[in-house]
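A closer look at the structure
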Amino acid sequence: MTLHYPAPGASPASIQITREGRLKHFLTIEGLNRALITEILDTAESFASMNDQSVKKVPLLRGKTVINLFFEASTRTRTTFELAAKRLSADVLNINIGQSSAVKGESLLDTLRNLEAMYCDMFIVRHADSGASQFIAHHVAPHISVLNAGDGRHAHPTQAMLDMFTIRRHKGDFTKLRVAIVGDILHSRVARSQIHALNILNTGEVRVIAPKTLLPAEVEKLGVHVFHDLEQGLRDVDVVIMLRLQKERMQGALLPSEHEYFQLYGLTEERLKVAAPDAIVMHPGPANRGVEISSRVADGPRSVILEQVTNGIAVRMAIMSMVMGANPGGAA
Amino acid sequence: MTLHYPAPGASPASIQITREGRLKHFLTIEGLNRALITEILDTAESFASMNDQSVKKVPLLRGKTVINLFFEASTRTRTTFELAAKRLSADVLNINIGQSSAVKGESLLDTLRNLEAMYCDMFIVRHADSGASQFIAHHVAPHISVLNAGDGRHAHPTQAMLDMFTIRRHKGDFTKLRVAIVGDILHSRVARSQIHALNILNTGEVRVIAPKTLLPAEVEKLGVHVFHDLEQGLRDVDVVIMLRLQKERMQGALLPSEHEYFQLYGLTEERLKVAAPDAIVMHPGPANRGVEISSRVADGPRSVILEQVTNGIAVRMAIMSMVMGANPGGAA
Amino acid sequence: MTLHYPAPGASPASIQITREGRLKHFLTIEGLNRALITEILDTAESFASMNDQSVKKVPLLRGKTVINLFFEASTRTRTTFELAAKRLSADVLNINIGQSSAVKGESLLDTLRNLEAMYCDMFIVRHADSGASQFIAHHVAPHISVLNAGDGRHAHPTQAMLDMFTIRRHKGDFTKLRVAIVGDILHSRVARSQIHALNILNTGEVRVIAPKTLLPAEVEKLGVHVFHDLEQGLRDVDVVIMLRLQKERMQGALLPSEHEYFQLYGLTEERLKVAAPDAIVMHPGPANRGVEISSRVADGPRSVILEQVTNGIAVRMAIMSMVMGANPGGAA
C-alpha cells in the first residue's frame, strides 16, 4: 500500500504535542524539547523498577484498547509494544491491516475510521513508508493517539528513547559524553531518531562512523561529526551504538562483502580498546554477529544490548501512559 | 469444508430461544418476537453510553471464554466481536478452525467436542455455508451459546440488530418509517436479516430496490415492496440502507460493469434529494465508493455509517451478555 | 531449525527440579518421583472443580507473562495451554518463533535472550526435535520456567499427566491396574511419557501392543510387556490407551494400508469385550476414526476421550502454578 502524505504545514513535531505542551502522539524525536524527553525518561524509570516485582502489572490503561497496526511484519517490535500495553492492563488487538483491508479493497482511511468508531484509543503503527504514522496521526479522530513503531527510513522514536534511557542509566549526564553511531546511517530510521535525541539532550559530541556510501548527503547538518575510519571514530567515546546492517544492501552496489565489511567496520574487542575504558556497546537488535559486531563484543562485559530490550518495555509503557494522559486535556 | 444440515424440525428460531423465552443462541432474526428484539436494543443502549467513559470495561463475562470460530476470514467482523467480548472482560481465543482442523483431518464435530470439553462458553461462528451456525448450535453441549457472525447467504443477525439500533436512535418509532434496502438483495445475508427485523418491528414500509437479477424469487413474500428504479424507490424514504456489491458478481452474467451499475443504482447526493429531508444513509461496510455509493454521500451529513460501527460494539455486548445470562435458566 | 543439544551431564530430570525438590521446569516425566507426580495430580484436582464454576478464573499468575513458543504448529495443544494460562490470569503471547526469527536470521538463543530481557516468566515449547525444550531450559535465565509441549519423539509430559489424572479419577489405585498402550509406540512421545508415568506410579502391569515395525528396539527395558496381537494384549486390561496413527507412516514401509491396520490393531466394540468389564478407553486426540479406533468406541460409554481434554486444562494449570511457585525458592 502506497501512502501519499499531504499534511502541508503540519509537521510531525507540531502534530504530536498539544497546545498545552503535552504528548498526544509519538511520531518522531525531531522537535521535542529536552524537558519532555526528560519527562519520558523519568516516567520510564518508575516503570523499570516494576519489572522486578512479582506482579508486573498496573491498571493505568485498564479499559483502553490498543491496536497494533503493523503494515510491516516485526514480531519482535510488536511483542514489546504488546507486552507494554498488557502490563498497563490495556486490551490489545493485533491487526495485520495490509492483509485485512486488501481483501475487500477497503481503503486505509476507511479502515482507520472504522477502528476509531469502535472507540479504540491507540494505534501502534509500523509501515515501510516514511511518514506513514504521521499521515495516520493527521487523519485520526481527536480521541486517538498514534505511536510510530518505525516508518520507512524516517524515524523509530521509541527505539531512540530506550537507547537514551539506557545511556542515562549508565552514564548520567549527556553533556560530557562522546557517542558514536556506527554503520548504515543512510538507511537507518533508528540512527536518525538517535541523532535527534542525543542533540536535544545536549550530548557532548555525536559521531557517525560509516563508509561514504552509507551516509546521507549533508549528514553534518544533523549535528554530527563524520568519520570514515572506525578506529579514529571510536577513540575516547563513552558509548558505541552499532546499527544493524541490512543484508539486502549487500546485493546492491553500496557495500562489499559481509566479510570485507566486518574487516572495516565490524566491532571487535581489539578495536574497542581505543574507546573509553568504561564505554558501553549498544545495538538495536537483532545483531548480525560477524558482520557488524563480533559475538565476543555482543555478549561481552561492555554490551548493554539485553538491557536495551528490558528498558524498551519500560520506555514504551511510559510513552503509552503519557499519550493517554494527554487525551483529556488537549487535541491534535 | 462442506457441512450437511440435518436438524429436521429444529428451526433456528426454536433452537435459539429457551423454553422460558430467553435468548440462548443468536442465529437468525427470523422468528424472534418484538419484545425480545426490543430487549436487545434496550440492553445495547446501556452499553452504548459506556463507550464514552474512560474505562470501557465491565466484568459481566469475567471468567467466560469466547471462541472466534471463523471459517471465513473477516478481520473487521472478528474485531468487533473480540472487542465486545473483551469489554465484557471475557477471555477471547481466535481459532482459524478450517485451517486448524484440516491439518490433522479432525472433523468439525470432533473440534467442537474438544472446545466444549475445555469449558468454553461461547462460539462466534462465521462460515461460507448457509445454516452452519445453526448446525453447530444444534450439536453443541448445553452450556455453550452460539452466535452467528454470518452464514452464507442466510443471515447476519448481529449486523441487522445494530442497524435497527442505529435507526431507532435516529428515528424512534418504526411504525411510521419508510425504509429502502438497495442493491444485491439476492446474495445478501445482511438484507435478509434486516427485512426480518424491520417487519418484526412493524416498520411502516420496507422497500427493496434492485435489478431483477439481484432479487430472490418471490421476494415479495418476505414482506417488502419491490422497486427496480432507484429514484422511484427512494421517494420519501426515511432510511436508505445500501448493500455492499460483491465485485465477484460482476464477473458472472448478473451485472453490467461497475460504472453502469453506479449509473443505475449508485447512491448520489442528487438522487438522495427525493428521499425525506432528514433521511439517513446506512451501509454495513466496507463500502465500494463509486460503485454502490458516492464518497460524498458516504462521508456526507446524512451518512450514519460510522455510527453503525460504534453501535455494533454495544449491540454485540448486549447479545453476548443476554445469551450468557440465559444459560443458568434454560437449555437448547 | 536444527538444534544441537550439548548439556552434558545435565539430564532433563535433574534440570527440572530445584535443589529443594520443587518443580522448576516441566520437561519430561522420566526421573520424577511419585510424590511430585502425586502433588501435580492433587493440585490439578483443586483446579478441576473450578471448571464448573461460573467464573473459571483465579489470580494466581496475575502479572506473569507466558509465551507460547511453537516451532511446530498445533492449534489444539496451544489452545489448551493458552486457556490454562488465561484462567490463571496470566498474560499470554503467541509467538511463531520459527517464522519470526527466520525472517531476520536471528538465532534461537538471541530470541530467547530477548524474551528473557522482556521479563517473560514462562516458555511453552513445542518443537519437532527431541530435546528442544531441554536445550532451552538449559539456556534460559533463572527466572524463566520452561514447559515441554511436545518435543520430537522424546516426550509430551503434560499429556501423560492429564492421562494419569484421568485414570486416577476413574480407577483410583494404580498398583492394581493393567494398562495397555496400543499403536505406534515407536514414534510416539506420548507413549514414552505415559510409560514413565505409569511405572513411577507403580502401575500393576503396563502393556504395549503394536506390530514389530512400530516398536522401539529393546522396548521391554522401559518396563512394559510387549504384545503383537491386539486381543491377547487387551485381555483383562482396565485401561486402554490408543495412540494416534500418523498417516505419514503409511507412506513409508512401516505399515500396510489404513484398512489393513484397522483390521489388525483398530479398536472395536467386539475386541474390547476381552478387556475388563469396566475398562476405560483413552486417546490423546485427534483420533483417526476407522484407522486406530472405531467411532462407536470413540463415542461410546467406555470412552473418556473428552474428559481427557477437560482434565488437560486443570493439569496444565496445576503444572503452571507449581513451576511459578517454585521460582522464589530455587534455581535451575
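What counts, and where the lines are drawn
Residues numbered from 1 in each chain as written. Chains lettered and ligands numbered in written order. Predicted model: local features only at pLDDT ≥ 70, side-chain atom pairs only at ≥ 80, totals over all residues. Helix = DSSP H or I, 4+ residues; strand = E, 2+ residues; numbered from the N terminus. Buried ≥ 20, exposed ≤ 12 C-beta atoms within 10 Å, placed from the backbone. Contact = placed C-beta atoms within 7 Å. Pairing = 2+ DSSP bridges. Axes fitted to C-alpha atoms, helices over the stretch in contact; angles between N-to-C directions. Nonpolar A, V, L, I, M, F, W, Y, C, P; charged D, E, K, R; others polar. Least-squares fit on C-alpha atoms with pLDDT ≥ 70 in both. Domains from an automatic or database assignment. Right-handed = clockwise from strand over helix to strand, strands pointing away. Parallel < 35°, antiparallel > 145°, perpendicular 65-115°, else oblique. Left-handed = near helix turned anticlockwise from the far one by under 90°. Core = buried A, V, L, I, M, F, W, Y, C linked by C-beta atoms within 7 Å.

Below, the discussion takes up the overall build of chain A. A tally of regular secondary structure across chain A gives 14 helices and 9 strands. Within chain A, the fraction of its 332 residues that count as buried is 55%. The long-range fraction of contacts in chain A, counting pairs at least 24 apart against all pairs at least 6 apart in sequence, stands at 77%.

Moving on, we come to the sheet that holds strand β2 (residues 91–95) of chain A. Residues and elements named next belong to chain A. On the basis of which strands lie adjacent, the open sheet formed by 4 strands has the order β2-β1-β3-β4 and parallel pairing. Bordering the open sheet on either side are β2 and β4 (145–151), each of which pairs with just one other strand. Going across the sheet, the axis of each strand differs from the next one's by a mean of 15°, ignoring polarity. Pairing geometry for strand β1 (residues 65–70) and strand β3 (residues 122–127), over 5 bridges, is parallel. Bridging across to β3, Asn68 finds its partner in Ile124.

Further remarks concern the interface of chain B and chain A. Every contact between the two is made by 20 residues of chain B and, on the other side, 17 residues of chain A. Those elements that provide at least two residues to the side of chain B that touches chain A are α3 (75–87) and α14 (305–329) of chain B. The element that contributes the greatest number of residues to the side of chain B that touches chain A is α3(B), accounting for 7 residues. Here the side of chain B that touches chain A is composed, by residue class, of 7 nonpolar, 8 polar and 5 charged.

Once turned by 120° and shifted 0.0 Å along the axis, chain B lies on chain A with an RMSD of 0.0 Å. Expressed as a symmetry operation, the mapping of one chain copy onto the other fits a three-fold axis. Minimal C-alpha separation from the rotation axis in chain B is found for Asp91(B), amounting to 6.2 Å.

So, about the sheet that holds strand β7 (residues 225–227) of chain C. All names here are of chain C. The 5 strands are arranged β7-β6-β5-β8-β9 in an open sheet whose pairing can be described as parallel. Sheet topology places β7 and β9 (280–282) at the edges, where each strand pairs with a single neighbour. Each adjacent strand pair in this sheet contributes to an overall mean axis angle of 20°, direction not counted. The pairing of strand β5 (residues 178–182) with strand β8 (residues 239–242) spans 4 bridges and is parallel. In the strand pairing of β8, Ala180 is matched with Val240.

Our next topic: the interface of chain B and chain C. Counting residues at the interface gives 17 residues for chain B and 20 residues for chain C. Per element, the largest residue contribution to the side of chain B that touches chain C is 4 residues, and it comes from helix α5 (residues 108–117) of chain B. Looking at the side of chain B that touches chain C residue by residue, the classes come out as 6 nonpolar, 5 polar and 6 charged.

Right, let's get into the domain arrangement of chain A. Put simply, an interface is often sized by how much accessible area is lost when its parts join up. Residue and element names in this part refer to chain A. Here the domain parsing of chain A yields domain 1 (12–156 + 310–329) and domain 2 (158–309). On a C-alpha basis, the centres of domain 1 and domain 2 stand 26 Å from each other. Taken together, the contacts link 24 residues of domain 1 with 22 residues of domain 2. Among the secondary structure elements, those contributing two or more residues to the side of domain 1 that touches domain 2 are α2 (34–48), β4 and α14 (305–329). Broken down by element, the residue count for the side of domain 1 that touches domain 2 peaks at 6 residues, all from α14. Split by residue class, the side of domain 1 that touches domain 2 holds 12 nonpolar, 7 polar and 5 charged.

The next subject is the pairing of strand β6 (residues 205–209) of chain A. Here is the key point about a regular strand: its side chains alternate between the two faces of the sheet. Residues and elements named next belong to chain A. Most of β6 sits inside the fold, with 4 of its 5 residues counted as buried. On the question of chirality, the crossover connecting strand β5 (residues 178–182) to the parallel β6 by way of helix α8 (residues 189–200) is right-handed. Pairing between β6 and strand β7 (residues 225–227): 3 bridges, direction parallel. Residue pairing for β7: Arg207 is matched across the bridge by His225.

As a further point, take the packing of helix α7 (residues 157–171) of chain B against helix α8 (residues 189–200) of chain B. Residues and elements named next belong to chain B. Remark: α7 packs on α8, axes separated minimally by 8 Å, with the N-to-C direction vectors making an angle of 50°. With respect to α8, the element α7 is oriented oblique. Of the two elements, α7 crosses α8, and the hand of that crossing is right-handed. In contact with Pro157, Gln159, Ala160, Met161, Asp163 and Met164 of α7, α8 contributes Val190, Ser193, Gln194 and Ala197. Taken together, the residues that form the contact of α7 with α8 break down as 6 nonpolar, 3 polar and 1 charged.

Tracing the chain through its elements places Ser14(B) in helix α1 (residues 12–15). Sequence separation of Ser14(B) and Leu27(B) is 13 residues, and the distance between their C-alpha atoms is 10 Å.

If you look at the biggest cluster of nonpolar residues, it comprises 319 residues, and the most contacted ones within it are Val182(A), Val240(A), Val182(B), Val240(B), Val182(C) and Val240(C). Non-local contacts of Val240(B), meaning those with residues more than four positions away in its chain, are made with Ala180(B), Val182(B), Leu234(B), Leu267(B), Ala275(B), Ala279(B), Val281(B) and Met282(B).

Another point: the environment of Ser257(A). Residues and elements named next belong to chain A. On the secondary structure map, Ser257 appears in the loop between α10 (248–251) and α11 (258–265). Accessibility expressed as a C-beta count within 10 Å gives 10 for Ser257, which makes it exposed. On a C-alpha basis, the gap between Ser257 and Arg207 in space is 25 Å, while along the polypeptide they are 50 residues apart.

Residue and element names in this part refer to chain C. Taken N-terminus to C-terminus, the directions of helix α2 (residues 34–48) and helix α7 (residues 157–171) make an angle of 70°; their axes are 10 Å apart at the nearest point. Of the possible angle classes, the one that applies to α2 and α7 is roughly perpendicular. On α7, the residues touching Ile37, Ile40, Leu41 and Ala44 of α2 are Met161, Met164, Phe165 and Arg168. When the residues that make up the contact of α2 with α7 are grouped by side-chain class, the tally is 7 nonpolar, no polar and 1 charged.

With that settled, consider unusual backbone geometry. Residue Gly285(B) is joined to Pro286(B) through a cis peptide bond whose omega torsion reads -15°. Mapped onto the elements of the fold, Pro286(B) is located in the loop between β9 (280–282) and α13 (295–298). At Asp236(A), a residue that is not glycine, the phi angle is positive and equals roughly 65°. One can find Asp236(A) in the loop between α9 (230–234) and β8 (239–242). For Asp236(A), a count of 12 C-beta atoms within 10 Å corresponds to the exposed category. In the Ramachandran plot, Asn202(B) falls in the positive-phi region, its phi being about 60° despite a non-glycine side chain. Structurally, Asn202(B) is set in the loop between α8 and β6 (205–209).

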